[in-house]
Every structure is written in structure tokens, then in C-alpha cells.
Amino acid sequence: MSFSRILLRLLIILVCACIGAGAGAALQVFRITKKPQEFCSVAKLVAGGQMAFNDSVSWREQQADFYGTITETMESAEMKRRALERIRALNPDLKDADVAIRAVQNKGSGIINLIATGPDPKYTKVFLDALLDEYIAFRQSIQEQAQGTVLKQFLQKVVTQQKSMEGTLAKLEQMRVKVDTVSARSDQERLVTRLNSQRNQRDDLRLKLKTMAENDAARAPLQARLGATESEVQSIESDLKRLEPDLAELRTLTEKYAADKGAYEKLFERMEGVRTLFNTSADYVAIQERASLASENVEDWQPPIALGAGGGGVLGALIGLVLSLLLVRAPEPPQMPAAI
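Residues numbered from 1 in each chain as written. Predicted model: local features only at pLDDT ≥ 70, side-chain atom pairs only at ≥ 80, totals over all residues. Heavy atoms only, no water.

### Brief notes about the overall build of the protein
When helices and strands are tallied, the protein shows seven helices and five strands. Helices and strands in the protein line up, N terminus first, as α-β-α-α-β-β-α-α-α-β-β-α. The buried share of the protein, taken over its 340 residues, is 29%. For the protein, long-range pairs separated by at least 24 residues make up 82% of all intrachain contacts whose partners lie at least 6 apart in sequence. Counting only carbon and sulfur atoms, one obtains 58% of the accessible surface of the protein, whose full area is about 22500 Å². (Helix = DSSP H or I, 4+ residues; strand = E, 2+ residues; numbered from the N terminus. Buried < 20%, exposed > 50% of the residue type's maximum accessible area, 1.4 Å probe, protein only. Contact = heavy atoms within 4.5 Å. Areas by Shrake-Rupley, 256 points an atom, 1.4 Å probe, with all protein chains shown as cover.)

### Let's talk about the side chain of D260
You can see D260 is positioned in helix 6 (residues 219-281). Owing to a relative accessible area of 10%, D260 belongs among the buried residues under this scheme.

### Side note on helix 3 (residues 77-90)
Over its 14 residues, helix 3 extends 20 Å from the first C-alpha to the last, a length consistent with the 20 Å expected when each residue adds 1.5 Å. All buried positions along helix 3 are accounted for by M79, A83 and I87. Around the axis of helix 3, the buried residues are gathered within 75° of arc, so they sit on the same side. Of the exposed residues in helix 3, the ones pointing more than 90 degrees away from its buried face are A77 and A89. (Expected span 1.5 Å × (residues − 1). Arc of directions from axis to C-beta.)

### Some words on the pattern of salt bridges
In a structure, side chains of opposite charge can pair up when their charged atoms sit close to one another. Applying the stated criterion across every chain, the model contains 10 salt bridges. Two residues, R86 and D133, come together in a salt bridge whose shortest N-O distance is 3.8 Å. Taken together, the residues span a long stretch of sequence, with R86 in helix 3 and D133 in helix 4 (residues 121-179) at a distance of 47 residues. Since its relative accessible area comes to 28%, R86 is described here as partly exposed. According to the relative accessible area criterion, D133 is partly exposed, its value standing at 24%. Here K125 makes a salt bridge to D129, at a shortest N to O gap of 3.3 Å. Here K125 pairs with D129, and both are found in helix 4, just four residues apart, close to one helical turn. On the basis of relative accessibility, which here comes to 24%, the residue K125 falls in the partly exposed class. The buried category is assigned to D129, whose relative accessible area is 14%. Each of R86, K125, D129, D133, E134 and R290 takes part in salt bridges that share partners, so that together they form one network. (Salt bridge = Lys/Arg side-chain N within 4 Å of Asp/Glu carboxyl O.)

### So, the side chain of T73
Along the polypeptide, T73 turns up in helix 2 (residues 59-74). When its relative accessible area of 17% is taken as the criterion, T73 is described as buried. Here the side chain of T73 touches T69 through a polar contact of 2.6 Å, landing on its backbone oxygen. Not counting residues up to four positions away in its chain, the partners in contact with T73 are M79, Y135 and F138. (Polar contact = N/O pair within 3.5 Å; in protein donor to acceptor, adjacent residues only side chain to side chain.)

### Concerning the environment of A286
Structurally, A286 is set in strand 4 (residues 284-289). Separated by 154 residues in the primary sequence, A286 and L132 have C-alpha atoms spaced 9.3 Å apart. If near-sequence neighbours (up to four positions away) are discounted, A286 is found in contact with K44, L45, V46 and I136.

Okay, structure coming up:
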């Protein structure tokens, strides 16, 4: 192939590459210029706290779930709806606009950047602030609901145990009034004194009878006195047994009240411990920076134009190569005469 044909093919490829590069750059310029004006506002959340985990779930996995839940919630349609309702209630003069939310966690930290993009700078900033407030309120309501469910169960147990304790105390006070009256105490003391005295007399009479001979004439009166004394002892013991049920019930009620009171105090301490655990050990999410003033989101022209020009140039070069092969052909070789 001659040098002129090679040069012509290269020229065709170069011209097509330049046309393609120009067309690609022009297309990118057209896309950027026709793109609607956007404004961007940025806010920051800080999240962290103590996390309880077991052997099957590592700390890193639980941390990833924790931050992933925050980002997904912030970008959810429900949070946008709540923010929109908040704006309509607090700023009825603002016209609704479509605001895009993107949540990005800083690598290796608990900072989450919230990027709001919208067509109006004021509305974009107000929307992002409303989104922050709605998320914090939503998260607080979830925590209070969870805490309330657990504490409600403990509170029901505490109230039930308190009623049992108060019922036992009321019965105990009634029994104390019944047993601890002046007459009851006096009767019991008097009977105990008489019982001790009669028992002593009985023991003395038994001792005397043991020392006397069987045919002793003085045994008969002593045996008669011994029989009378034993009858008196039995009568006194019977009277004391009549008072014993009340005393036994008093002891039973006293022990039951002590047990009920101990159970109540333990339940109350457990409930306070759970409440303290919720307040101190739970994870947290707080607003570190509220929404910044929205600034125009200006796209950098150089990378997309360079990409469009490069892609168009490559495509044009390929088209030029095909055209050069079709338009510039090598001459056919001369054929030998048939006679030869």
C-alpha cells in the first residue's frame, strides 16, 4: 500500500475522532446546562453507646447494623413524610418541594453526614432541620415505648406484691390487737405463773411420795393432793392451748409479712435497676450540627466533558477506521494475459 493511501486513512480516522470528541463534549455541556439548579445543605449526627452482644453476633456486626439502621431510617419515605408534615405545620408559607436525602457515615467514626439536595435553598435547609427533629423524636418515642413495656411488666409485679404485703399487714395488725390486749396478756401471764407453781407442787409431792413407805398412813392425803394438783396443771395447760392458735397465727402472719416485704423490696430494686440500665447503658443518637445554609450544588465541568470528549473520540476513531477501510482501498494486482 502506498504512503498516500496510509496517510489518507489516518486523516479520515483523525477527522472522525475529532468530530466524535467534539460531539461528546457538546453533549455533556448540553446535559450540564439543562440540568435544573440544585442547592445542598449538610447536617451531622453523632451516634454510639454501649452494645450488648452474644457469641453469635460480634461487636462489629452489631455496630454495622446499628449505623445501617440509622442511615436507612433517615433516608426512608416515612421520615420524609414526617418532616413534610412538620414543615406544613410550622412553616405553612413555604411551598412544598422535592428534597433528596443521603446519609453517609464517616469511616471509622460515629459521625453520620446528612446531605439534603433540593431546588430551593431555604426550603432545603428547613426540610433537613425538620428531618433531624422528627428522627430524634421518633427514636425517643421508640426507646420510651420499649422502656415502658419492660417497666410496665415489673410495675404490675410490684403492685401485686405490694397489695399482698398490705393485706398481710392488715391481718397482722388485727391479730396483734386481738392477742396483745391487756386482758389477753394478763390471762396468759397469770396462767403461766399458776402453771409453774402447780408443776412445782406436783414435783414436790411426787418426790415426797417416793421417799415414803407403801404402808405409810400419810401417803393417802399426799396422793389426794397430787391428783388435785395434776388436774389443775391439766386445766391450766388446756387454757393455755386455747390461747395458742391465736399466737400461732400471729407468728405465721409475722413471718408471711416479712417474706412479702422482702419480695416487694427485691422487685422494686430490680425495677429501678432496669430503669437505670435504660438511662445509662443504652445507645444514643444526638444532633452534632444542624442544617447548614444551603449552597448551590455546582457540578465540576472538567471530568464529565473530558469523559464525553474521550468517549466520543474513541467512538469517532472506530467509525473513521471503518470508513477508511471502505473508502480507501488498495489497487487490484495486474492480471497475467490468458495466452501466457
